[in-house]
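Survey of secondary and tertiary structure
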Amino acid sequence: MTVNFEVVEGVGTIRLDRPPMNALDVATQDRLKELAEEATRREDVRAVILYGGEKVFAAGADIKEMQNMDHTAMVLRARALQDAFTAVARIPKPVVAAVTGYALGGGCELALCADFRIAAENAKLGQPEILLGLIPGAGGTQRLARLVGPSKAKDLIFTGRMVKADEALTLGLVDRVVPADEVYAEAHTWAARLAQGPAIALRAAKESIDTGLETDIETGLTVERNWFAGLFATEDRERGMKSFVEEGPGKAKFL
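Structural notes, computed from the coordinates. (Residues numbered from 1 in each chain as written. Predicted model: local features only at pLDDT ≥ 70, side-chain atom pairs only at ≥ 80, totals over all residues. Heavy atoms only, no water.)

**Examining the packing of aromatic side chains**
Threshold: By convention, a stacked pair of Phe, Tyr or Trp rings (six-membered ring in the case of Trp) has centres within 6.5 Å and planes under 30 degrees apart, an edge-to-face pair has planes over 60 apart, and any other such pair is tilted. The numbering of helices and of strands both runs from the N terminus, where a helix is a DSSP run of H or I of at least 4 residues and a strand a run of E of at least 2. Here the term buried applies to any residue with accessible area under 20% of the maximum for its type, exposed to any over 50%, and partly exposed to those in between, with areas from a 1.4 Å probe on protein chains only.
Summed over the entire model, instances satisfying the criterion amount to three aromatic pairs. Between F116 and W190, the ring centres sit 5.3 Å apart and the planes meet at 10 degrees, which makes this aromatic pair stacked. Taken together, the positions of F116 in strand β6 (residues 116–120) and W190 in helix α8 (residues 183–195) put the pair 74 residues apart, joining distant regions of the chain. Among the residues examined, W190 registers a relative accessible area of 12% and is labelled buried. Consider the rings of F228 and F232, whose centres lie 5.6 Å apart with planes at 75 degrees: the pair is edge-to-face.

**Observations regarding the environment of S243**
Under the convention used in this document: The contact criterion used is simple: two residues touch if any of their non-hydrogen atoms lie within 4.5 Å. As used in this structure description, the phrase polar contact means that two N or O atoms lie within 3.5 Å; if the pair is within protein, one of them must be able to donate a hydrogen and the other to accept it, and residues adjacent in sequence are counted only when both atoms belong to side chains.
Examined against the element boundaries, S243 turns out to sit in helix α11 (residues 235–247). Taking the C-alpha atoms as reference, S243 lies 24 Å from K206; in sequence the two are 37 residues apart. Those residues in contact with S243, other than ones at most four positions away along the chain, are G248, K251 and A252. A distance of 3.2 Å separates a polar side-chain atom of S243 from the backbone nitrogen of A252.

Coordinates in, geometry out; function isn't part of it.
Written as structure tokens, this is what we have:
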């Protein structure tokens with residue numbers, strides 16, 4: 001398998017495994033979609049890590065495979081490509097990308113699908129598709145602009161330049177930079193903490209934020225209001241409020 005999935009104590013790790021650079025060929029894209037949908041379905045998965053291994057996250061699409069695709073072939077494939085990444089972005093649980101080495105093109109776009117990005121000090125990120133006479137096709141023009149703003153996104157996409165971890169942090173492309181040998185452990189700490197949280201409330205928070213970013217504020221407020229009220233029907237809400245009243249804040253244990 002070019003992508004593996006392992007679940008330990010509520011944390012699922014989607015691990016790219018296509019040496020040497022984790023190039024995202026069609027089979028890998030389809031496997032990503034399958035595993036994202038599995039992570040969505042499984043109740044024992046409460047948080048997810050996206051990981052490419054100690055040396056590289058993903059250096060981009062499989063260019064040799066793409067070179068043999070004509071316009072008709074890509075018209076048929078482009079939607080499946082986007083659907084694979086959208087399945088990752090729509091996992092209704094906290095998702096963190098543990099970025100080591102290169103995260104370029106589709107690799108950068110995959111990291112953009114996470115809720116939080118932890119990068120190694122030696123990481124390099126970018127959208128170099130323009131250097132091939134292309135543009136990002138797996139959501140990069142949309143998710144990057146929403147994350148860092150349109151002008152910064154245009155700079156990266158128009159030039160195709162790579163940015164090192166420190167600049168990526170400044171741009172807001174990643175959220176934390178740590179030594180390379182600490183990336184996965186840091187990501188696991190983040191995911192494990194949230195895996196102990198109230199699953200439905202976390203799902204509600206993610207959907208409310210993401211929907212609000214994709215639509216007008218009135219629609220976003222409606223989604224927030226409906227989720228907020230709906231959470232009053234959950235056991236986690238009862239448990240959280242009971243614990244707050246009896247023990248003080250931050251001591252509730254969720255199932």
